[in-house]
Protein chains: 2
Amino acid sequence: MSTYERTCLIRGDGGRTIRRILERIGNKWTLLVVATLHDERMRFTDLQQRIPGVSQRMLSLTLRQLERDGLVSRTAYAEVPPRVEYELTDVGRTLIDPAVRLAEWAVEHDADIERSQQRYDARQQPDR
Amino acid sequence: MSTYERTCLIRGDGGRTIRRILERIGNKWTLLVVATLHDERMRFTDLQQRIPGVSQRMLSLTLRQLERDGLVSRTAYAEVPPRVEYELTDVGRTLIDPAVRLAEWAVEHDADIERSQQRYDARQQPDR
DNA sequence: CCGTATCCTAGAGGATACTG
DNA sequence: CAGTATCCTCTAGGATACGG
């Protein structure tokens, strides 16, 4: 597959594909939830503890969306107190690899980018 | 590198890395601009024509951010009328591969996800 | 031709309180 | 324990108009 063909995956349909995926995973908590669930089933509270800063509301919304998309499965046990466990589905697991690639890119180029920003800002705003 | 270690790239620092990259490329037009520039230098107007739906304002903002991050270089020629050309930098080019992986994932699983959503919605909202 | 300035709106996401 | 409900704020992004 040529570079050109591969790039067409991004802009082929006027960007609809890439935009859909970014709407899905581009929000604040989705990839964090997926990564945290990567190797074990987990309860709501466990997730909240392992994902620093997430509120009940946002965790709930994120899980609901992931469940709707079929990336996460939810199992409720009829117990008292209630117990609910979440885990990645097979499809959900396939998301980890591309997500990690992106994270690798980020780690690898973070310093470059920060330096570039500083140079840019220094040039643009020599005042103050 | 184990799956566990790779996943740590995502949540290792409390998600800061993945969030930074998503703030960078998770917006509406960035990846589209990068993909469009993948193989040739291009003028502002060319970009606008090849990216359906982008406004002057958003294209301008997106290019400015990409320039600041060092992913795109901007060359202005002192002519009348003015001519400005944009192209990917070396760092910018390295973003294409992980972005394409993500797009591949999207294409591959889009149908699955849509079916899952329909089943979910049918279960949740049998009313109306 | 290549932008910036201004104004506006929808929705993402936080804080807090309440419930089966 | 595992969530909803409510309220609020802030900003991404669209529309439009203007300027070098």
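In this numbering scheme, every chain counts its residues from 1 along its sequence in written order. By the order in which they are written, chains take letters starting at A while ligands take numbers starting at 1. This being a predicted model, a pLDDT of at least 70 is required before a residue's local features are given, and a value of 80 or more before pairs of side-chain atoms are given or counted; all residues contribute to the totals for chains, interfaces and linings. Hydrogens are left out, water is left out, and the side-chain values use all remaining heavy atoms of the structure.

Enquirer: Hey, could you run me through the pairing of strand β2 (residues 72-77) of chain A in this one?
Expert: Moving residue by residue along a regular strand, the side chains alternate between the two faces of the sheet. Residue and element names in this part refer to chain A. By the bridge criterion, six bridges tie β2 to strand β3 (residues 83-88) in an arrangement that is antiparallel. Note on β3: the bridge partner recorded for Ser73 is Glu87. A pair of strands is treated as paired once DSSP finds two or more bridges between them. For the purposes of this entry, the term helix denotes a DSSP run of H or I that reaches at least four residues, the term strand denotes a run of E that reaches at least two, and both are numbered from the N terminus. Following β2, the chain reverses through five residues before pairing antiparallel with β3.

Enquirer: Just to check I follow, could you spell out the protein's contact with DNA strand D for this structure?
Expert: The environment of DNA strand D is formed by 19 residues, the closest being Thr45(A), Ser60(A), Tyr86(A), Lys28(B) and Arg57(B). Separating a phosphate oxygen of DNA strand D from a side-chain N or O atom of Arg64(A) is a distance of 3.3 Å. We call two N or O atoms a polar contact when they sit within 3.5 Å, provided that within protein one can donate a hydrogen and the other can accept it, with sequence-adjacent residues counted only if both atoms are side-chain atoms. At a separation of 2.6 Å, a base nitrogen of DNA strand D approaches a polar side-chain atom of Arg57(B). At the level of secondary structure, the elements contributing two or more residues to the surface near DNA strand D comprise α4 (44-50), α5 (56-69) and β3 of chain A together with α5 (56-68) of chain B. The leading source of residues in the surface near DNA strand D is α5(A), at four residues. Residues of the surface near DNA strand D, tallied by class, amount to eight nonpolar, four polar and seven charged. The criterion for a residue being near a molecule or strand is simple. One of its heavy atoms has to lie within 4 Å of it. When residues are sorted by character, Ala, Val, Leu, Ile, Met, Phe, Trp, Tyr, Cys and Pro go into the nonpolar class, Asp, Glu, Lys and Arg into the charged class, and all the rest, Gly among them, into the polar class.

Enquirer: Help me out: how do you make sense of the interface of chain A and chain B in this one?
Expert: How big an interface is tends to be stated in terms of accessible area lost as the parts join. Facing the 58 residues of chain A at the interface are 58 residues of chain B. The contact between chain A and chain B buries some 5700 Å² in all, and 66% of this surface belongs to carbon and sulfur atoms. Simply put, the buried area is the total loss of 1.4 Å probe accessible area from both parts when two parts are fitted together. By the criterion of area lost to chain B, the three top residues of chain A are Arg68(A), Leu102(A) and Trp105(A), representing 13% of everything that side buries. Think of a salt bridge as a Lys or Arg side-chain nitrogen and an Asp or Glu carboxyl oxygen that are within 4 Å of each other. Where chain A packs against chain B, one counts 12 salt bridges. With a closest N to O distance of 3.2 Å, Arg6(A) and Glu104(B) form a salt bridge. Across the chain A-chain B interface, the total number found is 22 residue pairs in polar contact (both at pLDDT 80 or more). Class assignment for the residues of the side of chain A that touches chain B results in 27 nonpolar, 14 polar and 17 charged. Any two residues whose heavy atoms approach within 4.5 Å are treated as being in contact.

Enquirer: Mind showing me how you'd approach the sheet that holds β2(A) here?
Expert: The strands that make up a sheet are held in pairs by hydrogen bonds between backbone atoms, and each pair lies either parallel or antiparallel. Residue and element names in this part refer to chain A. Sheet architecture is open: three strands sit in the order β1-β3-β2, paired in antiparallel fashion. On the outer flanks of this sheet lie β1 (42-43) and β2, each paired with one strand and no other. Alignment of β1 against β3, held across two bridges, turns out to be antiparallel. Bridging across to β3, Met42 finds its partner in Tyr86. Only C-alpha atoms enter the line fits that serve as axes; for helices the fit covers just the stretch in contact. Angles between N-to-C directions range over 0 to 180 degrees. Sheet strands in contact with α5 are β2 and β3, and its direction is about 110 degrees off that of β2.

Enquirer: I would appreciate a short explanation of the protein's contact with DNA strand C in the present structure.
Expert: Lys28(A), Arg57(A), Thr45(B), Ser60(B) and Tyr86(B) are the nearest of the 19 residues found near DNA strand C. At 3.1 Å from a phosphate oxygen of DNA strand C is found a side-chain nitrogen or oxygen belonging to Arg43(B). Those elements that provide at least two residues to the surface near DNA strand C are α5 of chain A together with α4 (44-50), α5 and β3 (83-88) of chain B. Considering only residue class, the surface near DNA strand C consists of eight nonpolar, five polar and six charged.

Enquirer: What is the right way to read the pattern of salt bridges from this model?
Expert: As a working rule, side chains carrying opposite charge can pair if their charged atoms are close by. Residue and element names in this part refer to chain A. On inspection of all chains with the given rule, the structure shows 32 salt bridges over all chains. In this structure, the salt-bridge partner of Arg24 is Asp69, at a minimum N-O distance of 3.7 Å. One end of the pair, Arg24, is in helix α2 (residues 16-25); the other, Asp69, is in helix α5, and 45 residues separate them in sequence. For the pair Arg24 and Asp69, one class covers both residues: buried. Only protein chains enter the accessibility calculation, which uses a 1.4 Å probe. A residue is then buried if its area is under 20% of the maximum for its type, exposed if over 50%, and partly exposed in between.

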